[in-house]
Amino acid sequence: FATQKAVDDISFSIEKGSIFGLLGPNGAGKTTLIRMITGIFFPDEGQIVFDGKKFDPTNDIINIGYMPEERGLYKKMKIGEQALYLAQLKGLSRNSAMEKIKEWFVRLEMQSWWNKKVEDLSKGMSQKLQFVTTVLHEPKLIILDEPFSGLDPLNTNVIKDEIYKLSKKGATIIFSTHRMEQVEEICNHIVLINKGKKILDGSVKQVKQDFKENLFSIGTEQMPAVDPAAPFEIVSSRTHTSIVKIKEGKGPNEVL
């Protein structure tokens, strides 16, 4: 875009059936990358491989479910009609679509919404509808861009549980966010991008291991005086809580 390279020589692979975190600050290039994976934008060079062969937008797009961060719903349309329309666009017959919509609406407690218009929904309610329309056709690849935006803690957990179930059924999920704690909790593997470039790529467990600072929070009524030879040093101390750093070559058990 003008002189800005939104995606600059980024390369990574995603295991089938995994929950993959696409992590980076706002403006890092995540959405542009997703738009290339979904065939909205075409890369200037390089290639995208989908299910073992070169990505063909015409035929492969039917196997992708994409939930954008911005709402992609028709505000004046009734919710039931809208879900039905979007499901049929993805190749489902009217009867099959109706069956799946009813099943999802019951599961997410949305059955009373059928005749409401999108403009009458709260942000969280429209997010739930958008999630349903993304996964209705049982795509092989599900791309979720900030899926918990606008959801309260209860509905966040409901959607999180559904993400796990979809993964267990064999769907591959790309979870795009700028919030590290969500990625830590949900994803098996992450790629971190910034200013259009890949910064790191690996399993969540390995990344945490590689970058851990050996800081621990210890709760005590009163922190005792620390011997200089102790296996840790106090970084900061407040009432009932101290942050300690383990010295090189020492372990948590020695601190305890």
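Residues numbered from 1 in each chain as written. Predicted model: local features only at pLDDT ≥ 70, side-chain atom pairs only at ≥ 80, totals over all residues. Heavy atoms only, no water.

Peer 1: Would you explain the sheet that holds strand β6 (residues 172-177) in this entry?
Peer 2: The strands making up a sheet are joined through hydrogen bonds of the backbone, oriented either antiparallel or parallel. Spatial strand order, β4-β5-β6-β1-β7-β8: six strands in an open sheet with mixed pairing. With partners counted over all chains shown, the strands left at the sheet margins are β4 (64-67) and β8 (197-203), one partner each. Neighbour-to-neighbour, the strand axes of this sheet turn through a mean angle of 15°, independent of strand direction. Across five bridges, the pairing between strand β1 (residues 19-23) and β6 is parallel. Across the sheet, residue G21 finds its bridge partner in β6, namely F175. Helix-sheet contacts for helix α5 (residues 123-135) involve β4 and β5 (141-145), and the interaxial angle to β4 is about 165°. (Pairing = 2+ DSSP bridges. Helix = DSSP H or I, 4+ residues; strand = E, 2+ residues; numbered from the N terminus. Axes fitted to C-alpha atoms, helices over the stretch in contact; angles between N-to-C directions. Contact = heavy atoms within 4.5 Å.)

Peer 1: When you look at unusual backbone geometry in this model, what are you seeing that I'm missing?
Peer 2: Leave glycine aside and you will find that most residues have negative phi; peptide bonds, for their part, are mostly trans. In the Ramachandran plot, D51 falls in the positive-phi region, its phi being about 55° despite a non-glycine side chain. With respect to the secondary-structure elements, D51 resides in the loop between β2 (49-50) and β3 (53-54). In this structure, E138 is a non-glycine residue whose phi angle is positive, near 55°. Tracing the sequence through the fold places E138 in the loop between α5 and β5.

Peer 1: Teacher, can you tell me more about the pairing of β1 here?
Peer 2: Look at any regular strand and the pattern is simple: side chains alternate between the two faces of the sheet. Across the five residues that make up β1, a large majority, five, are buried. Of the two faces of β1, the one holding I19, G21 and L23 and the one holding F20 and L22 are both buried throughout. Examined bridge by bridge, β1 and strand β7 (residues 189-194) share four bridges and lie parallel to one another. Looking across to β7, one finds that G21 is bridged to I190. (Buried < 20%, exposed > 50% of the residue type's maximum accessible area, 1.4 Å probe, protein only.)

Peer 1: Looking at this model, I keep getting lost on the pattern of salt bridges. Mind explaining?
Peer 2: Side-chain pairs of opposite charge can arise where the charged atoms are in close proximity. The final tally for this structure, using the stated rule, is twelve salt bridges. Note that R107 and E162 form a salt bridge whose closest N and O atoms lie 3.0 Å from each other. Of this pair, R107 sits in helix α4 (residues 94-107) while E162 sits in helix α6 (residues 153-168); the two residues are 55 residues apart in sequence, bridging distant segments of the chain. In this structure E162 comes out as buried when scored by relative accessible area, which is 4%. Between E181 and R179 there is a salt bridge; the shortest N-O distance is 2.6 Å. Residue R179 is classed as partly exposed on the basis of its relative accessible area of 39%. (Salt bridge = Lys/Arg side-chain N within 4 Å of Asp/Glu carboxyl O.)

Peer 1: Please clarify how the packing of aromatic side chains should be interpreted in this entry.
Peer 2: The geometry of an aromatic ring pair is captured by the separation of the ring centres together with the interplanar angle, meaning the angle of the planes. What the rule picks out here adds up to seven aromatic pairs. When the centroid spacing of 6.3 Å and the interplanar angle of 55° are considered together, the rings of Y74 and Y85 count as tilted. In this pair, Y74 sits in the loop between β4 and α3 (79-89) while Y85 sits in helix α3, placing the two residues eleven residues apart along the sequence. Overall, the relative accessible area of 45% leaves Y74 in the partly exposed class. Y85 gets classed as partly exposed once you look at its relative accessible area, which sits at 35%. Above the ring of W104, the side-chain terminus of R107 is found at 4.2 Å from the ring centroid. Across from the ring centre of F148, 6.0 Å away, lies the NZ or CZ of K160, which sits over that ring. (Phe/Tyr/Trp six-rings, centres within 6.5 Å; stacked < 30°, edge-to-face > 60°. Lys NZ or Arg CZ within 6 Å of the ring centre and 35° of its normal.)

Peer 1: Where do I start with α3 in this structure?
Peer 2: Along an α-helix, a turn takes 3.6 residues, which lines up residues three or four apart on a common side. Taken residue by residue, α3 has I79, G80, Q82, A83, L84, L86 and A87 as its buried positions. The inward-facing, buried residues of α3 contact α4 and α5. The first or second residue beyond α3 is G91, which carries a positive phi of 100°.

Peer 1: Is there a simple way to explain the packing of α3 against α4 in this structure?
Peer 2: Axes are the key here: two packed helices are described by the angle between their axes and the distance separating the axes. Two elements in contact, α3 and α4, have axes whose closest approach is 9 Å; the angle formed by their N-to-C orientations is 125°. The orientation of α3 with respect to α4, classified from their angle, is oblique. In this structure, α3 meets α4 at a crossing whose hand is right-handed. Judged by residue contacts, I79, A83, L84, A87 and Q88 of α3 engage R94, A97, M98, I101 and F105 from α4. (Parallel < 35°, antiparallel > 145°, perpendicular 65-115°, else oblique. Left-handed = near helix turned anticlockwise from the far one by under 90°.)

Peer 1: What should I look at first to understand the sheet that holds strand β11 (residues 241-246) in this one?
Peer 2: Across the sheet, which stays open at both edges, the three strands sit in the order β9-β11-β10 with antiparallel pairing between neighbours. Sheet topology places β9 (215-219) and β10 (232-238) at the edges, where each strand pairs with a single neighbour. Each neighbouring strand pair of the sheet contributes to a mean axis angle of 30°, computed without reference to strand direction. Here β9 runs beside β11; their pairing, made up of five bridges, is antiparallel.

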